[in-house]
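In case you want the letters, here they are:
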Amino acid sequence: MLKGLLFDLDGVIADTARFHLAAWNQVATQLGITLPPAANDALRGRSRESSLALVLSYGDPHAVYTDAQKADLAAQKNAWYLQAIDALTPADILPGITRLLADAQAAGLHLAIASASKNAPAILTKLGLAAAFETRVDPATLHRGKPDPEIYQRAQAQLGLTAQEVVGFEDASAGVAAIKAAGQFAVGIGDATTLAAADFIVPNTAALDLAAITAAHAAKEGD
Ligand code: B16
Ligand code: MG
């Protein structure tokens, strides 16, 4: 039986994934690197450090960056990202999310945030959602990032639920892979081909419907 919902943040609760991509594009341009279209999905859900490694992998394979240079690049990216999200308000909550959260609360479901972003608390505050979730996994405490299941296993454990009792929401293929590796039911939001591993796919957040998701989860889990 469905008892909890686990939410990614960037690209699910708010359209901040485009700000991450724009900031990484600024870093890449500065280094003479052109990010391919595939970077749009590949950079979603990955930690800052893992994202930087991916950006650098699109450049000269012989280029060597010291740890200090990598730390500077990551800090610069975050500064650009922070500038971009500074003006976020509750109006930036993606369509359908406020209704979904209200329906979930009315149904007595437990809600958690499973975001790889260290900026998640600041974003939730700007969106007016700081109190909307019972718990949040602190990504600084993780050993492995998405697509490893650790963050979704932790979110489920923090709610005191089993894998069969939760549904995870993701906009990234790495995130869907993490949910599935945790043995949970995955809702993918976005391109059906990119997110094909999800159990239930919608093209955008406006199409999220708790009754339909609950029915699909029940059909799969046999309850
Ligand atoms: P930060 P999510 C992820 O958040 C983003 O999708 C990803 O692009 C970003 O690199 C990562 O957070 C780390 O973010 O640099 O703010 O710590 O999608 O898991 O909510
Ligand atoms: Mg995301």
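Observations concerning the overall build of the chain
Next up, step 1: The secondary structure content of the chain amounts to nine helices and six strands.
Next up, step 2: By the compact-globule yardstick of 17 Å for 223 residues, the chain fits well, its C-alpha radius of gyration being 17 Å.
Next up, step 3: Principal-axis analysis of the C-alpha atoms places the extent of the chain at approximately 55 × 30 × 30 Å.
Next up, step 4: Across the 223 residues that make up the chain, the buried fraction comes to 46%.
Next up, step 5: Of the contacts formed within the chain by residues at least 6 apart in sequence, a portion of 62% connects residues at least 24 apart.
Next up, step 6: For the chain, the accessible area works out to roughly 9,800 Å², and carbon and sulfur atoms hold 55% of it.

Quick notes on helix H7 (residues 150–158)
Next up, step 1: Within H7, the full set of buried residues consists of Glu150, Ile151, Tyr152, Ala155 and Gln156.
Next up, step 2: Of the residues one or two after H7, glycine 160 is the one with positive phi, at around 70°.

Focus on the pattern of salt bridges
Next up, step 1: By the definition in use, this model includes eleven salt bridges.
Next up, step 2: Note that aspartate 15 and arginine 18 form a salt bridge whose closest N and O atoms lie 2.9 Å from each other.
Next up, step 3: With a relative accessible area of 44%, arginine 18 lands in the partly exposed category.
Next up, step 4: Between lysine 118 and glutamate 49 there is a salt bridge; the shortest N-O distance is 3.8 Å. Of the two residues, lysine 118 sits in the loop between strand S2 (110–113) and helix H6 (120–127) while glutamate 49 sits in helix H3 (residues 48–57), which places them 69 residues apart along the sequence.
Next up, step 5: Assessed through its relative accessible area of 45%, lysine 118 is described here as partly exposed.
Next up, step 6: A single network of salt bridges, built from pairs that share partners, joins Asp8, Lys146 and Glu170.

Concerning the packing of aromatic side chains
Next up, step 1: Taken as a whole and judged by the stated rule, the model has two aromatic pairs.
Next up, step 2: Look at phenylalanine 7 and phenylalanine 133: their rings are 5.8 Å apart centre to centre, the planes differ by 70°, and that puts the pair in the edge-to-face class. Of the two residues, phenylalanine 7 is situated in strand S1 (residues 4–7) and phenylalanine 133 in the loop between H6 and strand S3 (135–136); the sequence distance between them amounts to 126 residues.
Next up, step 3: Pairwise contacts between aromatic rings join Phe7, Phe133 and Phe169 into one cluster.

Looking at the sheet that holds strand S4 (residues 166–170)
Next up, step 1: Taken in spatial order, the six strands line up as S3-S2-S1-S4-S5-S6 in an open sheet, and their pairing is parallel. Whereas interior strands pair on both sides, the edge strands pair on one side only; in this sheet they are S3 and strand S6 (200–202).
Next up, step 2: Here S4 runs beside strand S5 (residues 185–189); their pairing, made up of four bridges, is parallel. Of the residues in S5, the one forming a bridge with glutamate 170 is glycine 188.
Next up, step 3: In the packing of helix H8 (residues 173–181) onto the sheet, contacts are made with S4 and S5, and the angle to S5 comes to roughly 170°.

Thoughts on H6
Next up, step 1: What H6 keeps buried is the set Ala120, Ile123, Leu124 and Leu127. Burial along H6 is one-sided: seen end-on, the buried residues are contained in an arc of 100°.
Next up, step 2: Considering only its buried residues, H6 is in contact with helix H4 (67–85), S2 and S3.
Next up, step 3: Remark: glycine 128 follows H6 within two positions and exhibits a positive phi of approximately 75°.

Points about the coordination of the magnesium ion (ligand 2)
Angles at a metal have ideal values that depend on geometry: 109.5 degrees with four tetrahedral donors, 90 or 180 degrees with six octahedral donors.
Next up, step 1: Around the magnesium ion (ligand 2), the donor atoms from the protein are Asp8 (OD), Asp10 (O) and Asp171 (OD), and they sit 2.0 to 2.2 Å away.
Next up, step 2: One chain supplies every donor for the magnesium ion (ligand 2), spaced along it as D-x1-D-x160-D. Taken together, the positions of aspartate 8 in the loop between S1 and helix H1 (17–30) and aspartate 171 in the loop between S4 and H8 put the pair 163 residues apart, joining distant regions of the chain. Like aspartate 171, aspartate 8 is buried.

Each value, and the rule that gives it
Residues numbered from 1 in each chain as written. Chains lettered and ligands numbered in written order. Predicted model: local features only at pLDDT ≥ 70, side-chain atom pairs only at ≥ 80, totals over all residues. Heavy atoms only, no water. Helix = DSSP H or I, 4+ residues; strand = E, 2+ residues; numbered from the N terminus. Rg over C-alpha atoms; globule rule 2.2 N^0.38 Å. Buried < 20%, exposed > 50% of the residue type's maximum accessible area, 1.4 Å probe, protein only. Contact = heavy atoms within 4.5 Å. Areas by Shrake-Rupley, 256 points an atom, 1.4 Å probe, with all protein chains shown as cover. Salt bridge = Lys/Arg side-chain N within 4 Å of Asp/Glu carboxyl O. Phe/Tyr/Trp six-rings, centres within 6.5 Å; stacked < 30°, edge-to-face > 60°. Pairing = 2+ DSSP bridges. Axes fitted to C-alpha atoms, helices over the stretch in contact; angles between N-to-C directions. Arc of directions from axis to C-beta. Donors = N, O, S within 2.8 Å, 3.2 Å for Na, K, Ca; no water.

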